[in-house]
Amino acid sequence: MRLGKWLAIIFLLSIFAFLVPAMATDQEVAATHDTEHGSTHGAEHAVAETGHEDVHAGSESHGHGDAGHGGHGGHINLGEVLKLWTCIPFACMLLSIALFPLLAPKFWHHHFGKVSAFWAACLGIPFLIAFKGVAVHEILHIILADYVPFIILLWALYTISGGILLKGTLRGTPIVNTIIILIGTVLASWMGTTGAAMLLIRPFLKANNYRKNRTFMVVFFIFLVANVGGSLTPLGDPPLFLGFLHGVDFFWTMKIMPHMLVTAGILLTIYFFLDTYHYKKEGLTSAPVEEGEKEPLKLVGTHNFIFLGGVVGAVLTSGIVDWGEVNTLGIHRAVQDWARDGFLILMGMLSLWTTSKRLREDNDFSWFPIVEVAYLFIGIFITMVPCLLILKAGLKGEMAFLIAAVKEPMHYFWVTGALSGFLDNAPTYLTFFNTALGAFYPGMPEAQAVPLLMTESSIFLKAISAGAVFFGAFSYIGNAPNFMVRSIAEEGGTPMPSFFGYILKYSLVFLFPTFVVVTLIFF
């Protein structure tokens with residue numbers, strides 16, 4: 001243990017030695033950039049003094065400020081000066097999630113929170129030393145505007161769904177399982193991918209507790225219920241909700257229905273044949289008969305649906321109303337966003353107070369999955385800051401080569417999707433949404449340009465929307481419920497693939513060809 005601590009200290013110091021001087025160099029470049037743009041210095045200083053920040057309010061799980069503006073608390077647009085290698089701590093965070101469970105499972109189980117804190121410190125401390133107040137603003141912004149509402153939403157849905165128990169004799173045959181996933185896919189667009197996934201994952205696992213091979217079942221559940229199913233309304237997935245806040249009609253996303261039907265149809269068909277194959281391979285011709293009388297299906301804790309409806313209503317309302325803004329530690333957030341977060345906490349607490357402890361025990365409810373997600377994602381969100389800033393800087397950032405190459409609908413679909421699979425899909429959607437507006441309607445106000453994008457250039461908006469939602473299934477961190485479903489499944493005794501195992505064994509094998517078909521048909 002002592003050797004491990006010393007190695008960690010040495011490694012942390014080496015990271016600091018590498019990042020701090022380099023970031024300081026970037027700061028010098030930024031200072032030169034400010035000098036060259038002295039004509040705007042006074043206006044920027046006024047922004048710094050007032051702390052003013054434009055906020056896109058009411059995202060389902062993410063609140064987002066102006067894309068790429070790292071200088072709300074200073075004079076620097078960090079996205080324009082940061083280098084790609086500042087994303088190394090984020091890559092290391094992903095590698096830790098991928099490799100530690102395989103190479104050191106016991107260490108990971110007991111210390112994953114420390115690993116997450118370690119990588120957050122590797123980025124955060126040198127970042128703060130190099131950029132001071134601007135860095136403080138960016139880290140506070142991603143914590144208060146992104147992470148806090150993200151984890152509150154997950155906690156509320158996890159807590160409420162944990163109070164709904166399906167009793168009775170239900171056994172997961174290929175047909176039954178396909179129907180459950182189909183129901184979840186339909187529900188996802190109306191109660192959110194997170195809500196649908198949290199509601200159905202426990203009954204799905206319970207119905208298949210007698211099956212030997214359950215891993216592929218959970219993976220396809222993630223594909224369809226936690227991602228693809230959320231593509232038809234702004235309630236389904238955060239990127240679409242963000243588009244709704246920027247003027248995309250609520251029911252416009254129904255135009256993605258053909259893309260969703262093709263994707264879901266292919267994946268459900270593959271799932272049915274896979275399940276049938278394993279069902280027969282396990283020597284099962286029918287679901288096993290339990291001892292005693294067959295118990296009819298019955299939902300217990302149904303009052304929790306009221307709280308679930310309250311969550312969905314609060315998320316939708318927060319995107320419609322405008323109650324002004326409030327400054328919290330220099331971060332401007334919409335009042336309705338804070339009200340929404342408080343209401344979600346209330347819904348979760350009411351669920352805890354009104355649901356018997358015995359019911360949650362019968363539902364195999366525990367706090368470990370949400371604790372794991374909370375610890376890991378604070379590290380992911382903090383280390384992701386440079387990546388998002390560079391992406392949001394558009395043609396002025398280190399990813400300019402990639403953004404400049406996006407011209408055709410298929411480019412928008414694949415590039416938006418590829419980045420959404422590993423970064424936050426909401427700002428990725430917004431980046432390419434704005435890229436399309438700038439490419440087709442330069443200089444036109446957003447209120448006039450968005451209706452034209454929905455009509456004249458609708459194929460591009462379809463590509464951006466479908467890419468952001470569908471590719472969220474490509475990795476465990478592509479969309480909020482993915483990691484939660486994985487954690488709940490592992491807690492219930494279902495072995496799940498590693499981070500890279502998920503991508504190599506399932507995403508590349510099943511999702512990639514499906515998206516190729518979608519591209520050939522629609523883009």
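Cut-offs used in this document
Residues numbered from 1 in each chain as written. Predicted model: local features only at pLDDT ≥ 70, side-chain atom pairs only at ≥ 80, totals over all residues. Heavy atoms only, no water. Helix = DSSP H or I, 4+ residues; strand = E, 2+ residues; numbered from the N terminus. Buried < 20%, exposed > 50% of the residue type's maximum accessible area, 1.4 Å probe, protein only. Contact = heavy atoms within 4.5 Å. Axes fitted to C-alpha atoms, helices over the stretch in contact; angles between N-to-C directions. Parallel < 35°, antiparallel > 145°, perpendicular 65-115°, else oblique. Left-handed = near helix turned anticlockwise from the far one by under 90°. Patch = residues over 30% accessible without salt bridge, like charges linked within 9 Å, V, L, I, M, F, W, Y side chains within 5 Å. Areas by Shrake-Rupley, 256 points an atom, 1.4 Å probe, with all protein chains shown as cover. Salt bridge = Lys/Arg side-chain N within 4 Å of Asp/Glu carboxyl O. Pairing = 2+ DSSP bridges. Core = buried A, V, L, I, M, F, W, Y, C linked by side-chain atoms within 4.5 Å. pLDDT = per-residue confidence, 0-100. Phe/Tyr/Trp six-rings, centres within 6.5 Å; stacked < 30°, edge-to-face > 60°. Lys NZ or Arg CZ within 6 Å of the ring centre and 35° of its normal.

(A) Here's a closer look at the environment of Val-406. By the element assignment, Val-406 lies in the loop between helix H17 (400-404) and helix H18 (409-420). On the accessibility criterion, Val-406 (6% relative accessible area) is buried. For the pair Val-406 and Phe-432, spaced 26 residues apart in the sequence, the C-alpha separation amounts to 8.9 Å. With sequence-adjacent residues up to four places away left out, Val-406 is seen in contact with His-411, Tyr-412, Val-415 and Phe-432.

(B) Representation of the packing of helix H7 (residues 174-191) against helix H11 (residues 257-281). The N-to-C vectors of H7 and H11 enclose an angle of 155°; their axes lie 9 Å apart at closest approach. As far as their axial angle goes, H11 and H7 are roughly antiparallel. The handedness of the crossing between H7 and H11 is right-handed. Where H7 approaches H11, its residues Pro-174, Ile-175, Asn-177, Thr-178, Ile-181, Leu-182 and Thr-185 are matched on the opposing element by Met-260, Leu-268, Tyr-271, Phe-272, Asp-275, Thr-276 and Tyr-279.

(C) Molecular detail of a nonpolar patch on the surface. Among the surface-exposed residues, Leu-95, Leu-99, Leu-102, Leu-103, Phe-500, Leu-504, Leu-508, Phe-512, Val-516, Val-517, Leu-520 and Ile-521 lie close enough to one another that they form a single nonpolar patch of about 1100 Å² accessible area. Among the elements that line the nonpolar patch, the one with the most residues is helix H23 (residues 499-522), at eight residues. For Leu-102, the location among the structural elements is in helix H4 (residues 88-103).

(D) Molecular detail of the pairing of strand E5 (residues 325-328). As defined by bridge partners, E5 adjoins strand E6 (residues 331-334) across four bridges and the pair is classed as antiparallel. Its bridge partner being in E6, Thr-328 is matched across the sheet by Ile-331. The turn linking E5 back onto E6 is made up of two residues, and Leu-329 within it adopts a positive phi angle of 55°.

(E) Main features of the packing of H7 against helix H8 (residues 193-207). Following both chains from N to C, one finds H7 and H8 inclined at 155°, their axes separated by 7 Å at the closest point. If you check the angle between H7 and H8, you find them roughly antiparallel. Our pair here, H7 against H8, has a crossing hand that is right-handed. Only Thr-193, Gly-195, Ala-196, Leu-199, Leu-200 and Phe-204 of H8 make contact with H7, whose side of the interface consists of Asn-177, Ile-180, Ile-181, Ile-183, Gly-184, Leu-187, Ala-188 and Met-191.

(F) Main features of the nonpolar core. Core analysis: the biggest nonpolar cluster contains 152 residues, and Phe-127 and Phe-223 have the highest contact counts within it. Sequence-distant contacts of Phe-223, defined by excluding residues within four places in its chain, comprise Val-228, Leu-267, Ala-473, Tyr-502, Tyr-506, Ser-507, Phe-510 and Leu-511.

(G) Region of the structure containing the side chain of Asn-304. Following the sequence through the fold, Asn-304 ends up in helix H12 (residues 304-320). In this structure Asn-304 touches Ile-160, Gly-163, Ile-164, Ser-351 and Thr-355, once residues within four positions along its chain are discounted.

(H) View of the confidence of the model for the protein chain. Residues with a pLDDT of 70 or more make up 83% of the protein chain, whose mean pLDDT is 81. Strand E1 (residues 55-56) is the least confidently modelled element of the protein chain, averaging 38 in pLDDT, while helix H9 (residues 215-224) averages 95, the highest of any element. Low pLDDT (under 50) marks residues 38-74, which in the prediction has 110 contacts with non-local residues, meaning those over four places away or in another chain.

(I) Expanded view of unusual backbone geometry. For Lys-132, which is not glycine, the phi dihedral falls at a positive 50°. Backbone geometry places Leu-329, a non-glycine residue, at a positive phi of 55°. You can call Leu-329 exposed: its relative accessible area is 64%.

(J) View of the packing of aromatic side chains. Under the counting rule described, the total for this entry stands at 44 aromatic pairs. Taking 6.5 Å as the distance between ring centres and 40° as the angle between the ring planes, the aromatic pair formed by Tyr-147 and Phe-150 counts as tilted. Of this pair, Tyr-147 and Phe-150 both sit in helix H6 (residues 133-161), three residues apart, which is roughly one turn of the helix. Accessibility classification places Tyr-147 together with Phe-150 in one group, the buried group. The ring centre of Phe-365 lies 4.9 Å from the NZ or CZ of Arg-360, which sits over that ring. Here the basic side chain of Arg-486 rests over the ring of Tyr-476, its NZ or CZ set 5.3 Å away from the ring centre.

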